Amino acid sequence: MQSSIVHVFASWARAPTNATQSHPLRIHLLYIIFVISFCTYSCQNYAAKGKSIAKAPDGRVIFISNAIPGDVVDVQTTKKKSAYYEGFVTKYHQLSEQRVTPVCSHFGYCGGCKWQDMNYQSQLFYKQKEVENNLVRLGRIEIPAVMPIIGSDETYYYRNKMEFSFSDMRWLTPDEIKKADEIDNRNALGFHIAGAWDKILDIDKCYLQADPSNAIRLEIKRFALANEMPFYSPRQQTGLLRTMMIRISSIGQIMVVIQFFRNDPKITLLLDHIAETF
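This structure is a prediction, so every number in the text was calculated from the model and none was measured. Along every chain, residues carry numbers that run from 1 in the direction the sequence is written. The model is predicted, so local features are restricted to residues of pLDDT at least 70 and side-chain atom pairs to those at 80 or more, both for listing and for counting; the totals for chains, interfaces and linings are taken over all residues. The basis for every side-chain value is the complete set of non-hydrogen atoms in the structure, without hydrogens or water.

1. So, helix α4 (residues 266–277)
Now for step 1: Helix numbers and strand numbers start at the N terminus; a helix is a DSSP run of H or I with at least 4 residues, a strand a run of E with at least 2. Expected span of a helix: the number of residues minus one, times 1.5 Å. Compared with the 16 Å implied by 1.5 Å per residue over twelve residues, the 17 Å span of α4 between its first and last C-alpha is a close match.
Now for step 2: Whether a residue is buried, partly exposed or exposed follows from its accessible area with a 1.4 Å probe, protein chains only, as a fraction of its type maximum: under 20%, in between, or over 50%, in that order. Here α4 has its buried residues at Ile-267, Leu-270, His-273 and Ile-274. Seen along its axis, α4 keeps its buried residues to an arc of 130°; they face one direction. Turned more than 90 degrees off the buried face of α4, the exposed positions are Ala-275 and Glu-276.
Now for step 3: As for α4, its buried residues are in contact with α3 (213–226), β11 (241–248) and β12 (254–260). Directions are taken from the helix axis to each C-beta atom, and the arc is the one they span. We call two residues in contact when some of their heavy atoms are within 4.5 Å.

2. Things to note about the nonpolar core
Now for step 1: Among buried residues, the Ala, Val, Leu, Ile, Met, Phe, Trp, Tyr and Cys ones that are joined through side-chain atoms within 4.5 Å form a nonpolar core. Within the largest apolar cluster, 27 residues are counted, with the highest numbers of intra-cluster contacts made by Ile-220, Leu-241, Met-244 and Leu-270.
Now for step 2: Among the secondary structure elements, those contributing two or more residues to this core are β8 (161–167), β9 (188–192), α3, β11 and α4.
Now for step 3: In this structure, Leu-270 is in contact with Ile-220, Phe-223, Met-229, Leu-241, Ile-258 and Phe-260, ignoring residues within four places of it in sequence.
Now for step 4: Counting ten residues, the second largest nonpolar core, distinct from the first, contains Cys-43, Ile-62, Ala-67 and Val-73.

3. Points about unusual backbone geometry
Now for step 1: Backbone torsion omega between Asp-211 and Pro-212 reads 15°, so that peptide bond is classified as cis.
Now for step 2: Within the secondary structure, Pro-212 sits in the loop between β10 (200–202) and α3.
Now for step 3: Not every positive phi belongs to a glycine, and Tyr-157 is a case in point at roughly 55°.
Now for step 4: Positionally, Tyr-157 belongs in the loop between α1 (120–138) and β8.
Now for step 5: On the basis of relative accessibility, which here comes to 33%, the residue Tyr-157 falls in the partly exposed class.
Now for step 6: One non-glycine residue, Glu-228, lies in the positive phi region at around 55°.
Now for step 7: For Glu-228, the position within the fold is in the loop between α3 and β11.

4. Concerning the sheet that holds β8
Now for step 1: The rule for pairing is simple: two strands pair if DSSP sees at least two bridges between them. Strand order in the open sheet made by the five strands is β10-β9-β8-β11-β12, with antiparallel pairing throughout. Across the chains shown, the open sheet's two edge strands, defined by having one partner strand only, are β10 and β12. Across the sheet, the mean angle separating the axes of adjacent strands is 35° when strand polarity is ignored.
Now for step 2: Looking at chain direction, β11 and β12 are connected through seven bridges and run antiparallel. Each residue of the ladder has a partner; that of Leu-241, found in β12, is Phe-260.
Now for step 3: Whenever a helix is involved, its axis is fitted only over the stretch in contact; in every case the axis is a line through C-alpha atoms, and angles between N-to-C directions fall within 0 to 180 degrees. The sheet strands contacting α3 are β8, β9, β10, β11 and β12, and the helix crosses β11 at an angle near 155°.

5. With respect to the side chain of His-106
Now for step 1: On the secondary structure map, His-106 appears in the loop between β7 (84–94) and α1.
Now for step 2: Excluding residues that lie within four positions of it along the chain, His-106 makes contacts with Leu-201, Asp-202, Ile-203, Asp-204 and Lys-205.

6. A look at the environment of Ser-213
Now for step 1: Within the secondary structure, Ser-213 sits in helix α3.
Now for step 2: Residue class for Ser-213 comes out buried when judged on its relative accessible area of 2%.
Now for step 3: Expressed as a C-alpha distance, the spacing of Ser-213 and Arg-247, which sit 34 residues apart in the sequence, is 8.5 Å.
Now for step 4: Here a polar contact means two N or O atoms within 3.5 Å. Within protein one must be a hydrogen donor candidate and the other an acceptor candidate, and residues neighboring in sequence count only if both atoms are side-chain atoms. A distance of 2.7 Å separates the side chain of Ser-213 from the side chain of Gln-209, its partner in a polar contact.

7. Observations concerning the pairing of β8
Now for step 1: Summarising burial for β8: five of the seven residues are buried, a large majority.
Now for step 2: In this structure, β8 lies alongside β11, joined through five bridges in antiparallel fashion. Paired with Phe-164 across the bridge in β11 is Met-244.
Now for step 3: Strand direction decides the pairing type here: β8 and β9, joined by three bridges, are antiparallel. Paired with Ser-167 across the two strands is Ala-188, which belongs to β9.

8. Focus on the packing of aromatic side chains
Now for step 1: Stacked, tilted and edge-to-face are the three classes assigned to paired rings of Phe, Tyr and Trp, where Trp is represented by its six-membered ring and a pair needs centres within 6.5 Å; plane angles under 30 degrees give stacked, over 60 edge-to-face, the rest tilted. Tallied over the entire structure, the rule returns eight aromatic pairs.
Now for step 2: Their ring planes at 50° and their centres at 5.0 Å tell us that Tyr-232 and Phe-261 sit as a pair that is tilted. Of the two residues, Tyr-232 is situated in the loop between α3 and β11 and Phe-261 in the loop between β12 and α4; the sequence distance between them amounts to 29 residues.
Now for step 3: Looking at Tyr-232, the relative accessible area reads 6%, which means it is buried.
Now for step 4: By relative accessible area, Phe-261 is classed as partly exposed at 33%.
Now for step 5: Through a chain of ring-to-ring contacts, three or more aromatic side chains come together here, namely Tyr-156, Tyr-157 and Tyr-207.
Now for step 6: Positioned above the aromatic ring of Phe-164 is the side chain of Arg-217, whose terminal nitrogen or guanidinium carbon lies 5.3 Å from the ring centre. Only lysine NZ and arginine CZ atoms are considered, and such an atom sits over a ring when it is within 6 Å of the ring centre and within 35 degrees of the ring normal.

Laid out in structure tokens, this is it:
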């Protein structure tokens, strides 16, 4: 195993000693970057929030995104603490036997499903370990023998409530950025990117809530665009359509709640269309 450390420190430039009021002291902060790359390491365990665990050469724990136990990977860290690192996979050398192919085309970007690339029995195993760890190691609670988790019959379309956000500046995938094509429509109706309050991933199909959830969301977006109803801008705090909630009861009743940023005559037009269509 090899490791490399790269530092790029701040640099600054002072004005000449004969500087006048028109040439004041200038300080240019360029970059402060701390990168540690650990090569060819095996993920040993699973942690909270869908991260895997490995051990760094110095003995500290590494919390790794986009990896599961059994993967052999190269890791680039993004955070260094006294007891641990955080990082992400830059290269896969060997894939875990616990891996499965995610069904969702948005997996990896959307923050809604963290474990869709792991088989369901392994998910149950690591979820139970996390609960026991929180109670026994962190909470220091003495508990009796824990019975195994009873798995669900439905691993998709099990949510009865979903919340979505509108945005006029949707998040672009790395593939879209690489293509550098001109993008005419930046409107989005979907989920927040994990850890980003102002970035919304546009969702084509979600596997968390049963239909007609997807049909309702897509039709509302289509109707809004066709009728020039502006999507909300979280940074500029402008627009009309802000958030939407869909709830489907166990007996098939449907509730749709839309939050509007301001009053507008087109609101009634949209609500009437939803009632007539669904």
